Amino acid sequence: MRSRFQHGLDELKERLLEMGGMAEAAIELAAESYRKRDGRLAQQVFEREKMINQSERNIDEMAVDLLAMQQPMATDLRFVLAVLKINADLERVGDLAVNIAQRSLDLAEEPEIDVPVDIARMTTAVSTMVRRALESFLSGKGDVAQAVLEMDSIVDRMKDEAFINLVAQMKSDPEKVRQYLDVLLITRSLERIADHATNIAEDVIFWVSGADVRHNARYSQGPDPDAPRRQ
Amino acid sequence: MGVGIEVKDLNAWFGKAQVLKEINIKVGANAVTAVIGPSGCGKSTFIRCLNRMHETIPEARLTGSVQVGDMDVYRPGIVPADVRRRIGMVFQKPNPFPTMSIYDNVSAGLRLNGYNKRRELDAAVEHSLRMAALWDEVKDVLKKKSGSSLSGGQQQRLCIARALAVQPELILMDEPCSALDPISTGKIEELIFQLKAQYTVVIVTHNMQQAARVADHTGFFLMGKLIEYDKTEKLFTAPTDKRTEDYITGRFG
């Protein structure tokens with residue numbers, strides 16, 4: 001048993017989960033800054049994003065060091081590859097939280113509107129996806145990751161409905177197009193966060209089973225000899 | 001051209017100790033196959049069974065069959081020396097004939113097989129040394145320098161040239177790079193990759209990265225059994241058997 005190598009893998013997992021926690025917090029703060037139209041909360045999102053960016057660099061460096069110095073194989077190799085990809089996804093989640101916070105700042109400066117979209121419900125769905133994806137990474141459970149994949153279509157439907165409602169409002173109330181556009185961009189950012197949660201879940205499935213479930217391929221528990229593999 | 005190998009129900013013993021148990025494997029022609037596993041797992045014995053080297057050890061015996069191309073290696077009446085001419089072998093430690101010149105090292109096998117015409121020998125020596133990527137380095141000192149005067153990496157390539165000179169169909173390599181530095185190792189690995197165009201190669205290695213770099217297929221041996229045999233990329237990224245997984249991730253034992 002290579003204890004130094006195992007320690008490196010454990011450390012990498014811990015750092016990525018910490019970063020996941022920061023990304024989750026950034027989403028919550030961004031949603032709160034929208035709900036309360038609170039600039040101070042938006043500012044906290046910007047600060048979190050800087051920390052997330054720093055984490056991304058650290059995790060990349062740790063993963064590259066492990067690849068170069070320990071030459072991981074099989075499940076360990078898949079783990080490090082998954083970490084590298086999840087790392088990039090979490091960094092994008094941080095960017096999208098910033099986008100939401102910026103739109104919230106814009107909205108705070110404009111006259112209030114009657115928003116025809118349940119942003120709180122959408123935020124709850126998206127946050128749940130991110131949390132479950134990170135739980136599946138923590139536990140290495142493919143079935144938890146699979147459940148995340150199945151939630152993505154719900155968020156997609158929410159975004160489509162929001163688009164239809166917001167465009168209708170823009171037509172009937174053109175003076176407030178700017179505010180409606182801000183809300184539309186928020187729903188788009190939330191939907192993209194859900195896509196990144198989906199990517200994370202797919203990477204967890206790849207790590208635990210070696211199966212490639214990207215682009216709607218299914219994951220079945222246990223080794224599936226016919227499942228396509230990533231090269 | 002290289003030939004395929006088919007091993008059926010192979011069991012091997014040293015005295016009463018069974019070192020190979022019910023090995024069944026088919027190896028494709030013109031491909032590189034790596035054999036990996038911990039020390040004592042039977043991987044070297046396995047390749048020594050392919051060219052009848054196993055039986056040269058006192059108290060060693062085996063059962064089962066080995067087919068190399070159209071040759072039934074253990075058919076009664078077959079001459080072991082003929083088997084070894086058709087199946088070349090390269091060992092862990094380069095073993096050139098120390099007092100012979102480079103030229104004589106490469107041509108020795110041909111001479112033993114009755115080739116004596118100077119022009120034929122010259123052509124075979126040059127061809128073999130070129131195949132072994134050694135010609136440019138030794139062409140001016142072929143008869144002046146002995147095999148043992150070369151560097152370790154050059155000596156190993158000389159041994160490969162010597163094996164190639166008798167035009168084998170299969171080349172067995174038993175940890176051919178374990179005594180070499182990374183540059184010489186790189187040259188041998190490049191050579192192995194090129195050899196598969198004309199030969200079938202089976203290589204035993206302790207170095208899993210080397211297996212991953214050079215082999216099309218890899219077999220994992222453990223305690224005399226072939227645990228898993230698959231395409232190299234599959235075996236090293238998503239092995240099927242937990243014992244393989246534990247070995248290649250360093251969690252073995």
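Note that this is a predicted model, so its numbers are computed, not measured.

Draft legend 1. The overall build of chain A, seen in detail. Assigned secondary structure in chain A consists of six helices and zero strands. Across chain A, helices and strands are ordered from the amino to the carboxyl terminus as α-α-α-α-α-α. Taken over the C-alpha trace, chain A has a radius of gyration of 19 Å; the compact-globule value for 231 residues is 17 Å, and the two agree within 12%. Dimensions along the principal axes, computed over C-alpha positions, put chain A at roughly 65 × 35 × 25 Å. Here chain A, with 231 residues, has 43% of them falling under the buried criterion. In chain A, 77% of the contacts between residues at least 6 apart in sequence involve partners at least 24 apart.

Draft legend 2. View of the overall build of chain B. For chain B, the count of helices and strands is ten helices and ten strands. Computed over its C-alpha atoms, the radius of gyration of chain B comes to 18 Å, within 12% of the 18 Å expected for a compact globule of 253 residues. By its C-alpha atoms, chain B is 55 × 45 × 30 Å across when sized along the principal axes.

Draft legend 3. Molecular detail of the sheet that holds strand E1 (residues 5-14) of chain B. Residue and element names in this part refer to chain B. Spatially, E2-E1-E4-E5 is the arrangement adopted by the four strands of the open sheet, whose pairing is antiparallel. Across the chains shown, the open sheet's two edge strands, defined by having one partner strand only, are strand E2 (17-27) and strand E5 (71-72). With two bridges connecting them, strand E4 (residues 60-68) and E5 associate as antiparallel partners. Within E5, the position partnered with Gln67 by the bridge is Asp72.

Draft legend 4. Just the environment of Lys43(B), in detail. Residues and elements named next belong to chain B. Considering the arrangement of structural elements, one finds Lys43 in helix H1 (residues 43-50). The class for Lys43 is buried, based on 28 C-beta atoms found within 10 Å. Along the backbone, Lys43 and Val204 are 161 residues apart, and their C-alpha atoms lie at a distance of 6.6 Å. Sequence-distant contacts of Lys43, defined by excluding residues within four places in its chain, comprise Val35, Ile36, Gly37, Val204 and Phe221.

Draft legend 5. The interface of chain A and chain B, seen in detail. Taken together, the contact pairs 13 residues of chain A with twelve residues of chain B. The greatest single-element share of the side of chain A that touches chain B, amounting to five residues, is contributed by helix H3 (residues 74-109) of chain A.

Draft legend 6. Representation of H1(B). Within H1(B), eight of the eight residues are buried, leaving the element largely enclosed by the surrounding structure. Listed as buried for H1(B) are Lys43(B), Ser44(B), Thr45(B), Phe46(B), Ile47(B), Arg48(B), Cys49(B) and Leu50(B).

Draft legend 7. Just the environment of Ile27(A), in detail. All names here are of chain A. Relative to the assigned elements, Ile27 resides in helix H1 (residues 3-36). On the basis of neighbour count, Ile27 is assigned to the buried category, with 24 C-beta atoms found within 10 Å. Placed 69 residues apart in sequence, Ile27 and Leu96 show a C-alpha to C-alpha distance of 8.3 Å. Beyond its immediate chain neighbours, meaning those up to four positions away, Ile27 contacts Val93, Ala97, Val126, Ser127, Val130 and Ile193.

Draft legend 8. How the structure looks around H1(A). Its 34 residues place the ends of H1(A) 49 Å apart at the C-alpha level, agreeing with the 50 Å of an ideal helix rising 1.5 Å per residue. Downstream of H1(A) by one or two residues, Arg37(A) has phi in the positive range, about 50 degrees.

Draft legend 9. Just the pairing of E2(B), in detail. One ladder, built from seven bridges, connects E1(B) with E2(B); its direction is antiparallel. Bridge pairing links Ala12(B) to Leu20(B) in E2(B).

Draft legend 10. Geometry of the packing of helix H4 (residues 119-139) of chain A against helix H5 (residues 142-172) of chain A. Residue and element names in this part refer to chain A. Orientation of H4 relative to H5, taken along the N-to-C sense of each, is 165 degrees, at an axis distance of 9 Å. Judged by the angle between their axes, H4 and H5 are roughly antiparallel. H5 is crossed by H4, and the crossing has left-handed handedness. Between H4 and H5, the residues in contact are Met122, Ala125, Val126, Met129, Arg132, Ala133, Glu135, Ser136 and Ser139 and Val144, Ala145, Ala147, Val148, Met151, Ile154, Val155 and Met158, respectively. Per-class residue counts for the contact of H4 with H5 are 13 nonpolar, two polar and two charged.

Draft legend 11. A look at the sheet that holds strand E9 (residues 217-222) of chain B. Residue and element names in this part refer to chain B. Reading across from one edge, E6-E7-E8-E3-E9-E10 is the order of the six strands in this open sheet, with mixed pairing throughout. A single partner strand is all that each edge strand has here, and the edge strands are strand E6 (87-90) and strand E10 (225-231). The mean inter-strand angle of the sheet, taken between neighbouring strand axes irrespective of direction, is 20 degrees. Across four bridges, strand E3 (residues 32-36) lies against E9 in parallel orientation. In the strand pairing of E9, Ala34 is matched with Thr218. Contacting E3, E6, strand E7 (170-174), strand E8 (200-204) and E9, H1 crosses the sheet at an angle of about 150 degrees to E8. Packed onto the sheet, helix H6 (residues 152-165) meets E6 and E7 and runs at close to 170 degrees relative to E6.

Draft legend 12. Representation of the packing of H1(A) against H3(A). Residue and element names in this part refer to chain A. Interhelical geometry of H1 versus H3 gives an angle of 20 degrees and a closest axis separation of 9 Å. Judged on the interaxial angle alone, H3 and H1 are roughly parallel. Here the hand of the crossing between H1 and H3 comes out left-handed. Judged by residue contacts, Leu9, Leu12, Leu16, Met19, Gly20, Ala23, Ala26, Ile27, Ala30, Ala31, Ser33 and Tyr34 of H1 engage Asp76, Phe79, Val83, Ile86, Asn87, Leu90, Val93, Gly94, Ala97, Ile100, Ala101 and Ser104 from H3. In terms of residue class, the contact of H1 with H3 is built from 18 nonpolar, five polar and one charged.

Draft legend 13. Focus on unusual backbone geometry. Phi is positive for Asp9(B), close to 45 degrees, though the residue is something other than glycine. Secondary-structure assignment places Asp9(B) in strand E1.

Draft legend 14. Focus on the pairing of E3(B). Residue and element names in this part refer to chain B. Within E3, five of the five residues are buried, leaving the element largely enclosed by the surrounding structure. Where E3 meets E8, four bridges bridge the pair, whose relative direction is parallel. Residue pairing for E8: Val35 is matched across the bridge by Val204.

Draft legend 15. Inspection of the confidence of the model for chain B at higher detail. Per-residue pLDDT for chain B averages 93, and the proportion of residues at 70 or more is 100%. Across the predicted assembly, pTM comes out at 0.82 and ipTM at 0.71.

Quick notes on the rules
- Residues numbered from 1 in each chain as written.
- Chains lettered and ligands numbered in written order.
- Predicted model: local features only at pLDDT ≥ 70, side-chain atom pairs only at ≥ 80, totals over all residues.
- Helix = DSSP H or I, 4+ residues; strand = E, 2+ residues; numbered from the N terminus.
- Rg over C-alpha atoms; globule rule 2.2 N^0.38 Å.
- Buried ≥ 20, exposed ≤ 12 C-beta atoms within 10 Å, placed from the backbone.
- Contact = placed C-beta atoms within 7 Å.
- Pairing = 2+ DSSP bridges.
- Expected span 1.5 Å × (residues − 1).
- Axes fitted to C-alpha atoms, helices over the stretch in contact; angles between N-to-C directions.
- Parallel < 35°, antiparallel > 145°, perpendicular 65-115°, else oblique.
- Left-handed = near helix turned anticlockwise from the far one by under 90°.
- Nonpolar A, V, L, I, M, F, W, Y, C, P; charged D, E, K, R; others polar.
- pLDDT = per-residue confidence, 0-100.

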